[in-house]
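Here is how the chains run, residue by residue.
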Amino acid sequence: MLADEQDPNYFAGLEALDSADLLVLSVRRRTLPEGQLAKIRAYVEAGKPLAALRTSSHAFALRSGEPPKGHDVWPEFDREILGGNYHNHFGTKLKTFVKRSPAAKDHPILAGVPAEEFPVTSSLYKNHPIADAATVLVTGRVEGVEQHEPVAWTYDRDGQRVFYTSLGHPGDFENEAFRLMLTNAVAWGIAP
């Protein structure tokens, strides 16, 4: 994809969603042309699997103002589609640590992911509380703060396989445990 959303080819290729097995979404605060966002809505409403990373919790929401003419927003995407509740983060100066949820230790997305807490480069998102139909896979904390937040979960939308993680900072991709979890999430999403 191109980096400039003003380019008419930005998000070009969305036609491929019609035959896609899984959508991996990593988007932050974008307003799309109405037809392009309609393609994503149709994909999701068809019940196809979705794996969403980091800022996808606020993928199609603006901080303020209105979208440009002919563009659309979807501020409810996090709550309705991901089962989330993003409302800011703890900041970038605090070190973030994540840990597998003991209750989800046997979930296939966590296969091979270490049980011990490990550091990540993403700042910790404030997501609590998430939807009742969500299954928390990984929780996180920042140094000096007792509060734990959900970091990765699955969300059952009437049988649709949805995976979300607030991890996904570029440095996280250097972390083997994160890469393994993401690979497992894709395999889980497309599993029969």
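Look up: the structure comes first, before these words.
What counts and how
Residues numbered from 1 in each chain as written. Predicted model: local features only at pLDDT ≥ 70, side-chain atom pairs only at ≥ 80, totals over all residues. Heavy atoms only, no water. Helix = DSSP H or I, 4+ residues; strand = E, 2+ residues; numbered from the N terminus. Buried < 20%, exposed > 50% of the residue type's maximum accessible area, 1.4 Å probe, protein only. Polar contact = N/O pair within 3.5 Å; in protein donor to acceptor, adjacent residues only side chain to side chain. Contact = heavy atoms within 4.5 Å. Pairing = 2+ DSSP bridges.

Turning our attention to the side chain of Ser-122. Within the secondary structure, Ser-122 is located in the loop between strand 6 (118-120) and strand 7 (134-142). The exposure class assigned to Ser-122 is buried, which follows from its relative accessible area of 1%. In terms of polar contacts, Ser-122 uses its side chain to reach the side chain of Asp-172, at 2.3 Å. Setting aside residues no more than four positions away along its own chain, Ser-122 makes contact with Arg-54, Thr-96, Ser-166, Leu-167, Gly-168, His-169 and Asp-172.

Attention now goes to the pairing of strand 3 (residues 50-53). Two faces, one strand: in a regular strand the side chains alternate between the faces of the sheet. Going residue by residue along strand 3, you find Leu-50 and Ala-52 tucked away on one face and Ala-51 and Leu-53 tucked away on the opposite face as well. Bridge count for strand 1 (residues 23-25) against strand 3 is three bridges, and the pairing is parallel. Bridge pairing in strand 3 links Val-24 to Ala-51. In terms of strand pairing, strand 3 meets strand 9 (residues 160-165) through four bridges, oriented parallel. Bridge assignment links Leu-50 to a residue of strand 9, and that residue is Val-162.

Moving on: the pairing of strand 5 (residues 96-100). Relative to strand 6, strand 5 runs antiparallel, the two sharing three bridges. Along strand 6, the bridge assignment pairs Thr-96 with Val-120. Note that strand 5 and strand 7 share five bridges and pair antiparallel. Within strand 7, the position partnered with Val-98 by the bridge is Gly-140.

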